[in-house]
Amino acid sequence: MSKIMKTQSIEEILNLCNRCGKCLPVCPSYRIYKIESFSPRGRLFLISQGKEHESFESCLFCENCERICPHNISFPKIYLEKLKNKEEKRLSKEILESFSQDPLLIFLKINDWLHMVNLEKKSEIEFNQKEGDVIIYYSCGLKHLYPQALKRFEDILKKRDITIGIPEGLVCCGAIFLNFGYISLIKKNALKNLEILEKTKGFIVMFCATCLWMFKKVYLEIFKNTIYEKRFIELSKRIISAYNYLSEVADEELKNLKSKNLKEKVLFHLPCHLTEEFNLVKNKIEVKDFCCGSAKLSLWLKGFQKENKKEWIKNLKNCNILATFCTGCYLNFNVLLKKPPLVSHWLEFL
């Protein structure tokens with residue numbers, strides 16, 4: 001998070017935008033719509049004029065605009081501030097809250113996508129440890145889509161006498177609630193996770209880029225200037241991706257990933273929310289960072305993901321396996337692609 005975003009008001013930040021346009025070519029929604037109002041620059045101008053626009057909904061929170069901006073201006077952070085003050089619809093909030101424990105499973109059932117869940121692989125894996133040298137955030141993607149990634153991870157750590165722990169009671173990171181604009185539901189889940197994880201020690205390992213981003217960035221923004229701010233800052237310092245953790249304790253194992261690029265024609269997709277590790281990853285394995293189109297339901301209804309497919313399908317030539325590090329990306333690729341390629345998680349290839 002930039003120092004600018006911490007110390008200045010939204011109005012002051014908006015005035016810093018010099019309309020240079022560097023954000024346009026890196027914005028996924030602008031590349032699809034080719035309309036100024038669907039670019040970060042256009043959205044910033046609309047907000048500065050006090051206007052609401054449908055383009056705000058198409059922001060994917062990828063923060064590409066912040067990385068390219070000379071002033072590190074982030075439209076997602078400004079939009080998040082607006083959502084914090086937005087009135088929430090009671091009925092739809094209650095419906096969403098009813099499946100806050102495991103929204104992905106409900107989502108898979110509603111869309112008849114349970115075929116994505118490999119029940120055989122899931123049944124092979126039993127993790128009963130509540131404490132360990134490192135803590136696993138048992139995300140919905142890890143439970144239902146790529147459990148084998150956790151098994152490979154645990155096998156590597158066992159060789160080094162490192163134990164893992166999975167605390168009971170952890171809930172969804174809240175990304176799905178952010179997609180619908182319900183900040184109160186994110187807060188509820190965040191506080192539940194905080195209460196449980198504060199009782200643990202050591203690194204908290206994430207297998208999903210979006211979960212990582214929620215814990216390290218979104219939670220901090222939502223609880224900024226509250227009594228919980230310092231606690232979430234301390235928690236964020238313990239959050240690390242499974243890839244990053246392995247680069248610290250088992251770097252030689254990551255060489256296996258690099259060899260897979262050529263031997264098995266695996267394309268490693270770099271999710272936008274793995275932002276803090278772009279350079280780390282690119283120095284270790286060959287990756288491509290095209291946009292999956294987001295897992296936002298509202299954008300699905302508008303066909304936004306299918307339009308993005310036209311942009312990234314060219315990257316999949318001669319690709320047998322498409323491996324990603326994000327639950328939303330995993331879902332989109334599975335739904336929109338005919339096999340091959342087979343969709344997997346990075347760490348399934350360790």
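Located above this text is the structure these notes cover.
Here's a quick rundown of the structure. Because the structure is predicted, anything quoted here is derived from the model rather than measured.

Thresholds applied
- Residues numbered from 1 in each chain as written.
- Predicted model: local features only at pLDDT ≥ 70, side-chain atom pairs only at ≥ 80, totals over all residues.
- Heavy atoms only, no water.
- Helix = DSSP H or I, 4+ residues; strand = E, 2+ residues; numbered from the N terminus.
- Areas by Shrake-Rupley, 256 points an atom, 1.4 Å probe, with all protein chains shown as cover.
- Pairing = 2+ DSSP bridges.
- Contact = heavy atoms within 4.5 Å.
- Axes fitted to C-alpha atoms, helices over the stretch in contact; angles between N-to-C directions.
- Phe/Tyr/Trp six-rings, centres within 6.5 Å; stacked < 30°, edge-to-face > 60°.
- Buried < 20%, exposed > 50% of the residue type's maximum accessible area, 1.4 Å probe, protein only.
- Lys NZ or Arg CZ within 6 Å of the ring centre and 35° of its normal.
- Right-handed = clockwise from strand over helix to strand, strands pointing away.
- Salt bridge = Lys/Arg side-chain N within 4 Å of Asp/Glu carboxyl O.
- Arc of directions from axis to C-beta.

**Regarding the overall build of the protein chain**
Item 1. From N to C terminus, the protein chain includes 21 helices and 8 strands.
Item 2. Accessible surface for the protein chain amounts to roughly 16,700 Å². Of this, 51% is attributable to carbon and sulfur atoms.

**A word on the sheet that holds strand E1 (residues 134-136)**
Item 1. Reading across from one edge, E2-E1-E3-E4 is the order of the 4 strands in this open sheet, with parallel pairing throughout. Every other strand in the sheet has two partners, leaving strand E2 (164-165) and strand E4 (239-241) as the edge strands with one partner each.
Item 2. Two elements, E1 and strand E3 (residues 204-206), share 2 bridges in a ladder whose sense is parallel. Counted as the bridge partner of Ile 136 is Val 205 from E3.
Item 3. Those strands touched by helix H16 (residues 242-249) are E1, E3 and E4, and its axis lies near 85° from that of E4.

**Examining the packing of aromatic side chains**
Item 1. Across all of its chains, the model carries 23 aromatic pairs by this definition.
Item 2. With a centroid separation of 5.5 Å and 55° between ring planes, the pair formed by Tyr 146 and Tyr 330 is classed as tilted. Of this pair, Tyr 146 sits in the loop between helix H10 (140-144) and helix H11 (147-158) while Tyr 330 sits in helix H21 (residues 327-336), and the two are 184 residues apart along the sequence. The burial state of Tyr 146 is the same as that of Tyr 330; both residues are buried.
Item 3. The ring of Phe 75 has Arg 43 lying over it, and the distance from NZ or CZ to the ring centre is 5.5 Å.

**Some words on the pairing of strand E8 (residues 342-345)**
Residues in a regular strand point their side chains to alternate faces of the sheet.
Item 1. Bridge count between strand E7 (residues 321-324) and E8: 4 bridges; the pairing is parallel. Within E8, the position partnered with Thr 324 by the bridge is His 345.
Item 2. Note that the unit made of E7, H21 and E8 has a crossover that is right-handed.

**Observations regarding the pattern of salt bridges**
Item 1. Tallying each qualifying case throughout the model produces 12 salt bridges.
Item 2. Notably, a salt bridge pairs Glu 252 with Arg 160, separated by 2.4 Å at the nearest N-O pair. On the criterion of sequence distance, the pair formed by Glu 252 in the loop between H16 and helix H17 (255-263) and Arg 160 in the loop between H11 and E2 is long-range, its members being 92 residues apart.
Item 3. Since its relative accessible area comes to 44%, Glu 252 is described here as partly exposed.
Item 4. Taken together, the salt bridges that share partners define one network made up of Glu 63, Glu 66, Lys 77 and Lys 217.

**Observations regarding the pairing of E7**
Item 1. Side-chain alternation along E7 places Ile 321 and Ala 323 on one buried face and Leu 322 and Thr 324 on a second face that is also buried.
Item 2. Where strand E5 (residues 266-269) and E7 come together, 3 bridges link them in parallel fashion. In the sheet register, Leu 267 faces E7, and the bridge partner there is Leu 322.

**Remarks on the environment of Lys 159**
Item 1. Relative to the elements of secondary structure, Lys 159 occurs in the loop between H11 and E2.
Item 2. Along the backbone, Lys 159 and Ala 250 are 91 residues apart, and their C-alpha atoms lie at a distance of 9.9 Å.

**Details of the environment of Leu 80**
Item 1. Among the structural elements, Leu 80 can be located in helix H6 (residues 75-84).
Item 2. For Leu 80, a relative accessible area of 5% corresponds to the buried category.
Item 3. Leave out the neighbours within four places in its chain, and Leu 80 touches Leu 178, Ile 183, Val 218, Glu 221 and Ile 222.

**Looking at helix H20 (residues 304-312)**
Item 1. Buried within H20 are the following residues: Phe 304, Gln 305, Asn 308 and Trp 312. Seen from one end, H20 has its buried residues packed into an arc of 90°, which puts them on one side. Looking at H20, the residues exposed on the side facing more than 90 degrees away from the buried face are Lys 306 and Lys 310.
Item 2. Residues of H20 that are buried sit in contact with helix H3 (28-33), helix H19 (297-301) and H21.

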